[in-house]
Amino acid sequence: ELGTKWLLRFNGEIEQRYLRRLSIITGLKHALHSEQSELSLVYQPKVSLKTLQVTGLEALLRWNSDALGFVPPDEFISIAEQAGFIEQITDWVLTRVVSDLVHLRAQGINIKPAVNLSTQDVQNRPLLEKLISMLSEHQLSASNITLEITESDLVADANLAVENLRYLQDEGFSIAIDDFGTGYSSLAYLKNLPVNAIKIDKSFVLNLTTDKNDQEIVHTILGLATAFNLEVVAEGIEDKQAMSMLARWGCDVAQGYYISRPLTLEALIDWLEITEYY
Ligand code: C2E
Ligand code: CA
Ligand code: CA
Ligand code: CA
């Protein structure tokens, strides 16, 4: 009896997950095509630890679904990747980022936004060419954008990675390796890739002030990255102590709730008016 009950519950859970997936896929496709979009972008500032000026922004996608409520990007992005329509989502994000960039430049704000790309996007030349042509329609070059690419995506196919990264860097984009430390690649390996920056994953930064292991890892990454001339960004900085520790160790750029949460474009422009970092 126990077995049957367990099986029924097991099936129930599988069914639940299946239904959730299905409604995310349907809901996202709907959101992509509706005028009153449930999708929006927020921007989180990145601050130089050398000058204490805002030098970058990370664009982060938000989905407030009428049917499902707030769905976290970690959940819906991977579903869109598996279901084969991440291209449409990235296209939506890139279009919005270019128009927001134009707005920022018109206000005299000279900060460089970063966009998160999925593995499939890195290999999608037409999509990247579309980005370049959207930029040039506004007399903007690719050097106005940073592309954040996850570490694990590169390790999957090293040759393809080199080729695609070289293409992107030749076009003028800055390349940042995201979630650094969570995958298997070493800094020695990155040294040979056309990469401008690494982002230390927030899992190593969130408890930096108390966790000795995290301190050791972050300190080691910083030492090697400096030797290899890579810019280092730390994300997930939630307090002043973590920020000063990273500054002392030579980290270049800081990002985290301690500086600012991700903000809508309007809120960002207001924040820039009052912050000490700008
Ligand atoms: P990520 O690229 O590693 O982005 C950083 C995440 O850390 C963001 O979560 C950000 O809100 C969060 N974060 C920043 N500072 C702090 C902090 O001080 N403390 C804590 N606890 N968290 C902090 P978010 O916005 O939920 O995004 C999660 C992931 O979803 C991103 O991780 C990225 O992998 C993916 N994602 C978000 N937007 C996009 C997008 O437009 N395209 C793609 N392909 N992926 C996206
Ligand atoms: Ca990122
Ligand atoms: Ca991360
Ligand atoms: Ca990530």
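In short, a report on the structure. Residue positions are given per chain, counting from 1 as you read along its sequence in written order. Following the order in which they are written, the chains are lettered starting with A and the ligands numbered starting with 1. Totals for whole chains, interfaces and linings use every residue, but because this is a predicted model, local features are given only for residues with pLDDT of at least 70 and side-chain atom pairs only at 80 or more, for both listing and counting. Excluded from the side-chain calculation are hydrogens and water; included are all heavy atoms of the structure.

### Describing the pattern of salt bridges
Line of reasoning, step 1. A side-chain nitrogen of Lys or Arg and a carboxyl oxygen of Asp or Glu constitute a salt bridge if their distance falls within 4 Å. Tallied over the full model, the rule gives seven salt bridges.
Line of reasoning, step 2. Between glutamate 148 and lysine 46 there is a salt bridge whose closest N-O contact spans 2.8 Å. Of this pair, glutamate 148 sits in strand β5 (residues 146-150) while lysine 46 is found in strand β1 (residues 39-48), placing the two residues 102 residues apart along the sequence.
Line of reasoning, step 3. Under the relative-accessibility criterion, lysine 46 is labelled buried at 7%.
Line of reasoning, step 4. Here aspartate 91 makes a salt bridge to lysine 130, at a shortest N to O gap of 2.9 Å. Of this pair, aspartate 91 sits in helix α3 (residues 86-106) while lysine 130 sits in helix α5 (residues 125-137), and the two are 39 residues apart along the sequence.
Line of reasoning, step 5. What you see here is one network of salt bridges that share partners, running through Lys46, Glu58, Glu148, Lys199 and Glu235. A run of H or I in DSSP counts as a helix once it spans at least four residues, and a run of E counts as a strand once it spans at least two, with each numbered from the N terminus. For each residue, the accessible area found with a 1.4 Å probe, counting protein chains only, is set against the maximum for its type, and the residue is called buried under 20%, exposed over 50%, and partly exposed in between.

### Points about helix α10 (residues 240-248)
Line of reasoning, step 1. Where α10 is concerned, the buried positions are Ala242, Met243, Met245 and Leu246. Looking straight down α10, one finds its buried side chains confined to an arc of 165°; they lie on one side. Set apart from the buried face of α10 by more than 90 degrees, the exposed residues are Lys240 and Arg248.
Line of reasoning, step 2. At the N-terminal end of α10, a side-chain oxygen is found 3.2 Å from the backbone nitrogen of glutamine 241, two or three residues along, and the residue is aspartate 239. As used here, the arc belongs to the directions running from the helix axis to the C-beta atoms. For the purposes of these results, a polar contact is taken to be a pair of N or O atoms within 3.5 Å, where, inside protein, one atom must be able to donate a hydrogen and its partner to accept one; residues adjacent in sequence count only when each atom of the pair is a side-chain atom.

### Section: the layout of surface pockets
Line of reasoning, step 1. Roughly 980 Å³ of internal volume is contained in the largest pocket.
Line of reasoning, step 2. Both cavities and pockets are sets of points on a 1 Å grid over the protein atoms alone; in a cavity a 1.4 Å probe fits but cannot get out, in a pocket the set is open with protein on both sides within 12 Å along at least five of seven lines, and lining residues sit with an atom within 4 Å of a point. In terms of lining, the largest pocket is formed by 36 residues, of which the most central are Glu58, Leu60, Pro73, Asp74 and Asn116.
Line of reasoning, step 3. Mapped by element, the contributors of at least two residues to the lining of the largest pocket are β1, β2 (54-65), α2 (73-83), α3, β4 (112-117), α4 (119-122) and β6 (174-180).
Line of reasoning, step 4. For this classification, Asp, Glu, Lys and Arg are treated as charged, while Ala, Val, Leu, Ile, Met, Phe, Trp, Tyr, Cys and Pro are nonpolar and the rest, including Gly, are polar. Here the residues of the lining of the largest pocket are counted per class, giving 14 nonpolar, 10 polar and 12 charged.
Line of reasoning, step 5. Grid points are joined across faces, edges and corners, and a volume is the space filled by probe spheres set on the points. Here the second largest pocket defines a volume of roughly 240 Å³.
Line of reasoning, step 6. Of all elements in the fold, only β2, β4, β5, β6, β7 (197-200) and β8 (231-234) reach the threshold of two or more residues within the lining of the second largest pocket.
Line of reasoning, step 7. Among the elements that line the lining of the second largest pocket, the one with the most residues is β6, at three residues.
Line of reasoning, step 8. Here the lining of the second largest pocket is composed, by residue class, of six nonpolar, five polar and five charged.

### Let's talk about the side chain of threonine 275
Line of reasoning, step 1. Along the chain, the position of threonine 275 falls in the segment after α11 (265-274).
Line of reasoning, step 2. Within the structure, threonine 275 has its side chain in polar contact with the backbone nitrogen of tyrosine 277 (distance 3.1 Å).

### Observations concerning the nonpolar core
Line of reasoning, step 1. Within this scheme, the nonpolar core is defined by two criteria: the residues are buried Ala, Val, Leu, Ile, Met, Phe, Trp, Tyr or Cys, and they are joined through side-chain atoms within 4.5 Å. The biggest cluster of nonpolar side chains holds 84 residues, and the ones touching the most others in it are Leu28, Ile89, Leu168, Phe173, Ile198, Leu246 and Leu268.
Line of reasoning, step 2. Broken down by element, the residue count for this core peaks at nine residues, all from α3.
Line of reasoning, step 3. With residues near it in sequence (within four places) discarded, leucine 168 still touches Val122, Leu128, Leu147, Ile149, Phe173 and Ile175. In this analysis, two residues are considered to be in contact whenever any of their non-hydrogen atoms come within 4.5 Å of each other.

### Focus: the coordination of the calcium ion (ligand 2)
Line of reasoning, step 1. Coordination shells were defined by N, O and S atoms within 2.8 Å of each metal, extended to 3.2 Å for Na, K and Ca; water is absent from the atom set, which can make sites look incomplete. Taken together, the protein donors to the calcium ion (ligand 2) comprise Glu58 (OE), Asn116 (OD1), Glu148 (OE) and Asp178 (OD), at separations of 2.2 to 2.3 Å.
Line of reasoning, step 2. We note that the donor set of the calcium ion (ligand 2) lies within a single chain, spaced as E-x57-N-x31-E-x29-D.
Line of reasoning, step 3. Metal-to-metal, the separation of the calcium ion (ligand 2) and the calcium ion (ligand 3) is 5.5 Å. You can see asparagine 116 sitting in strand β4 and its partner glutamate 148 sitting in strand β5, a full 32 residues away along the chain.
Line of reasoning, step 4. Classification of asparagine 116 as partly exposed rests on a relative accessible area of 30%.
Line of reasoning, step 5. The class for glutamate 148 is buried, based on a relative accessible area of 0%.

### Regarding the pairing of β4
Line of reasoning, step 1. For two strands to count as paired, DSSP must find a minimum of two bridges between them. Pairing analysis gives three bridges linking β2 to β4, with the strands arranged parallel. Bridging across to β4, glutamate 58 finds its partner in alanine 114.
Line of reasoning, step 2. In this structure, β4 lies alongside β5, joined through four bridges in parallel fashion. Each residue of the ladder has a partner; that of valine 115, found in β5, is leucine 147.

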